[in-house]
Amino acid sequence: MRHHSVAIALLLVCGLAFAEPEIVPVKIAVECVANPQCVFDGGNMRLEFTVTNIQAESISMPVAYIARRGPFIKLTDKKTKRSINVKTGIPDYALRSAMTILQPGESFKFHWTISPYEFEELPSRPIDASAAVTLIDMQGGDDAGPLRKYLGRTSFQITQ
Amino acid sequence: MTKQNFKPIASSITSPRDNRQRKEVLVDVPACWDEDYEKEIYARASKYYHKYVLDGTEQDQHRHIRFKIYFQPKSSNKVIVEVRLRTEGGSMTITSEPLAMYQALGMQEVVEQGLDFWNKRFNIKIADPECKDSRCRSKVMEIEYRIVWIDMPVKDEFNDLQKPAKPGFYHSKMLVYQDKERESVGNGVLEISLNTNTYIAAHEYAHLLGIPDEYPDEDDGKCVRYVKPNGSMDAPIDLLVHKQKSSKDAGVMSTQYKFATAPRHAWSIAIEVQELLTSKLGRPITCDIIQLR
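Residues numbered from 1 in each chain as written. Chains lettered and ligands numbered in written order. Predicted model: local features only at pLDDT ≥ 70, side-chain atom pairs only at ≥ 80, totals over all residues. Heavy atoms only, no water.

1. Some words on the confidence of the model for chain B
Of all residues in chain B, 88% have pLDDT values of 70 or greater, and the mean over the chain is 89. Interface confidence for the predicted complex, given as ipTM, is 0.84, next to a pTM of 0.87. (pLDDT = per-residue confidence, 0-100.)

Right under this line is the structure:
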């Protein structure tokens, strides 16, 4: 399945251009570990992500790299609309050498944690936030074949 | 004796007649910075850098940075950067047991090894153009980074994270977990695990001093621009593209196990020393960073 990617405008502030990759959708699902309602209790919020190949052909993903780096998570306070980004881990590119082949319908899981101090940056009490999750993995480009952007999105709600 | 008794330096008359008549001439020499100063730092991260998202707008940097600087031309000829940390075992859930203190304390050595990365790396060059005393028009001092491990206060409510740290109180808690997916720094907290290595410790220590990540850590593409000691903005640091170890732009803040640094990684120190001296001496002082290795 081929999707037309959206061209990203040249930034005056940053002065940067971004190549247009082929978007390859993946499915990402999230569960709050031992906490089906995703209630923030003042401690760490443990998450389990399941990434599934929804393509008709096999794909390769650097599972260990993704598990170490984590997804992008944006927490938005529903009342004030203030957003904060949950930090990802610093990339360890050595882990990209180990690619896992996912057949159509095949999945892998990884865990992530939102720390209590990250919730403290949201203004409203009790916590009432939406969490937007984005998983991105860029592969290829230059001599390594066409540039591809493996992209999955999901969201969930967090209350207190 | 009042200031009126003092003549400005270089304006004294030295004719032979005056020399025969006078017994002493009091000369007003601007105070040279030969006194030690110190300051608790409490600043928004935006004092040191600005982050921008794809649409060009600036992202709110609401995190606060706390550390202490010692300016010691007299006692050590160094600028000392101090971060006070209190070590605690972290609990993955509110009902689980925290990591045993002896294990958490064992990570102090790893975090201190991270300082070896930063020490002997930067000097600070201080200029005092209005000082007529040649001793202190320009001076170069070593920047020394250190961690002080403290136990106080036991209760967090006695340590107001919205203000500069009180003497003897910690700047940040260091929470050590058995195992956690990532290390991170937030308001008043440094989170690591038993798996944290020296490289990561050096990277996270930099965050405690207001140095940002230089890799894509958020999905809306952006760049980061450091504030220079002279107040202008540095060139944008690209956050759209991952920087592999082989990239010339890769460094300690962008790529794991890449140890390259740049003077911008000590600009937060230069900004604070500059501010401190300008305030203490009542005249403009400028600082810049020299990278040694």
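2. Remarks on the pairing of strand β4 (residues 49-52) of chain B
All names here are of chain B. On β4, burial covers both faces: Tyr-49 and Lys-51 on one face and His-50 and Tyr-52 on the other are all buried. Sheet analysis places β4 next to strand β13 (residues 223-226), joined by four bridges and oriented antiparallel. In the sheet register, Lys-51 faces β13, and the bridge partner there is Val-224. In this sheet, strand β5 (residues 58-59) lies alongside β4 in antiparallel orientation, the contact comprising two bridges. Considered in β5, the bridge of Lys-51 is made with Gln-59. (Buried < 20%, exposed > 50% of the residue type's maximum accessible area, 1.4 Å probe, protein only. Helix = DSSP H or I, 4+ residues; strand = E, 2+ residues; numbered from the N terminus. Pairing = 2+ DSSP bridges.)

3. As for the interface of chain A and chain B
Contact with chain A, which involves 39 residues of that partner, is made by 47 residues of chain B. Across the chain A to chain B interface the summed buried area is about 3500 Å²; carbon plus sulfur atoms make up 54%. The interface formed by chain A and chain B includes five salt bridges. Scanning the region where chain A abuts chain B turns up 22 residue pairs in polar contact (both at pLDDT 80 or more). Considering every element that reaches the side of chain A that touches chain B, the biggest residue donor is strand β8 (residues 107-114) of chain A, with four residues. (Contact = heavy atoms within 4.5 Å. Buried area = accessible area lost by both parts, 1.4 Å probe. Salt bridge = Lys/Arg side-chain N within 4 Å of Asp/Glu carboxyl O. Polar contact = N/O pair within 3.5 Å; in protein donor to acceptor, adjacent residues only side chain to side chain.)

4. Examining the packing of helix α2 (residues 101-118) of chain B against helix α3 (residues 198-208) of chain B
Residue and element names in this part refer to chain B. The N-to-C vectors of α2 and α3 enclose an angle of 70 degrees; their axes lie 7 Å apart at closest approach. The angle between α2 and α3 falls in the class roughly perpendicular. For the pair α2 and α3, contact is made by Val-110, Val-111, Gln-113, Gly-114, Leu-115, Phe-117 and Trp-118 and by Thr-198, Ala-201, Ala-202, Tyr-205 and Ala-206, respectively. Within the contact of α2 with α3, the residues separate by chemical class into nine nonpolar, three polar and no charged. (Axes fitted to C-alpha atoms, helices over the stretch in contact; angles between N-to-C directions. Parallel < 35°, antiparallel > 145°, perpendicular 65-115°, else oblique. Nonpolar A, V, L, I, M, F, W, Y, C, P; charged D, E, K, R; others polar.)

5. Observations concerning the sheet that holds strand β5 (residues 72-77) of chain A
All names here are of chain A. The five strands lie next to each other as β1-β10-β9-β5-β6, forming an open sheet whose pairing is mixed. Two strands in the sheet have a free side with no partner beyond their single neighbour: β1 (22-25) and β6 (83-86). Shown here is a sheet whose adjacent strand axes are inclined to one another by a mean of 25 degrees, direction ignored. As paired elements, β5 and β6 share four bridges and run antiparallel to each other.

6. Observations concerning the pattern of salt bridges
Tallied over the entire structure, the rule returns 27 salt bridges over all chains. Residues Lys78(A) and Asp128(A) are paired through a salt bridge, measuring 3.6 Å at the closest nitrogen-oxygen approach. You can see Lys78(A) sitting in the loop between β5 and β6 and its partner Asp128(A) sitting in strand β9 (residues 128-139), a full 50 residues away along the chain. The class for Lys78(A) is partly exposed, based on a relative accessible area of 33%. Notably, a salt bridge pairs Arg264(B) with Glu214(B), separated by 2.9 Å at the nearest N-O pair. Of this pair, Arg264(B) sits in the loop between β14 (237-238) and α4 (267-281) while Glu214(B) sits in the loop between α3 and β13, and the two are 50 residues apart along the sequence. Where salt bridges share partners, they join Lys87(A), Lys51(B), Asp213(B) and Asp217(B) into one cluster.

7. Digging into the sheet that holds β5(B)
If you trace the four strands from one edge of the open sheet to the other, you get β5-β4-β13-β14 (chain B), paired in antiparallel fashion. Looking along the sheet, the strands with just one partner apiece sit at the ends: β5 and β14 of chain B.

8. Points about a nonpolar patch on the surface
All names here are of chain B. On the surface, a cluster of nonpolar side chains totalling about 220 Å² of accessible area is made up of Val-140, Ile-290 and Leu-292. Topologically, Ile-290 is positioned in strand β15 (residues 286-291). By relative accessible area, Ile-290 is classed as partly exposed at 33%. (Patch = residues over 30% accessible without salt bridge, like charges linked within 9 Å, V, L, I, M, F, W, Y side chains within 5 Å. Areas by Shrake-Rupley, 256 points an atom, 1.4 Å probe, with all protein chains shown as cover.)

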